[in-house]
Amino acid sequence: SSFTTSAHEESETLRQDAELEEKLSSFTTSAHEESETLRQDAEASRSRVSELEEKLSSFTTSAHEESETLRQDAEASRSRVSELEEKLSSLTKHAYEESETLR
């Protein structure tokens, strides 16, 4: 009877050990799958960040170029306005002088 009880207890212990090993194996597999999913998510995130950084860099460069073009256009416009103001002043002065001569 003692042998039977001891064998039964040993059998129960082995069954529990096998059950624990199966649970551990299942947990390890799940953890590995989760780790792989997280690794893939992180890689996708890094890829998306790189893509967005490239777009931002391109946008920034374009915006800078556009800003420089607008600055140059504004400078050219100011220069042309000054030139036209000088011509108008000269023509006005000339017209005034002609008017005085005709009096």
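The structure displayed is predicted, hence computed values, not measured ones.

## A closer look at the overall build of the chain
Part 1: Regarding its fold elements, the chain presents one helix and zero strands.
Part 2: Whereas a compact globule of 103 residues would reach a radius of gyration of roughly 13 Å, the chain reaches 44 Å, over 25% beyond that.
Part 3: Over its C-alpha atoms, taken along the principal directions, the chain stretches across nearly 150 × 15 × 10 Å.
Part 4: For the chain, buried positions account for 0% of its 103 residues.
Part 5: Of the roughly 9400 Å² that the chain leaves accessible, carbon and sulfur atoms contribute 55%.
Part 6: Across the chain, the mean location of the 12 positive side-chain charges is 13 Å away from that of the 26 negative side-chain charges.

## Some remarks on the pattern of salt bridges
Side chains that differ in sign of charge can pair as their charged atoms come close.
Part 1: Under the defined criterion, the tally for this structure stands at 10 salt bridges.
Part 2: Close ionic contact of Arg78 with Glu75 constitutes a salt bridge, the shortest N to O distance being 3.0 Å. Placement of the pair is Arg78 and Glu75 together in helix α1 (residues 2–102), with a separation of three residues, close to one helical turn.
Part 3: Residue Arg78 is classed as partly exposed on the basis of its relative accessible area of 48%.

## Considerations on the environment of Tyr96
Part 1: Along the polypeptide, Tyr96 turns up in helix α1.
Part 2: Along the backbone, Tyr96 and Ser35 are 61 residues apart, and their C-alpha atoms lie at a distance of 89 Å.

Cut-offs used in this document
- Residues numbered from 1 in each chain as written.
- Predicted model: local features only at pLDDT ≥ 70, side-chain atom pairs only at ≥ 80, totals over all residues.
- Heavy atoms only, no water.
- Helix = DSSP H or I, 4+ residues; strand = E, 2+ residues; numbered from the N terminus.
- Rg over C-alpha atoms; globule rule 2.2 N^0.38 Å.
- Buried < 20%, exposed > 50% of the residue type's maximum accessible area, 1.4 Å probe, protein only.
- Areas by Shrake-Rupley, 256 points an atom, 1.4 Å probe, with all protein chains shown as cover.
- Lys, Arg positive; Asp, Glu negative; His and termini not counted.
- Charge placed at Lys NZ, Arg CZ, Asp CG, Glu CD.
- Salt bridge = Lys/Arg side-chain N within 4 Å of Asp/Glu carboxyl O.

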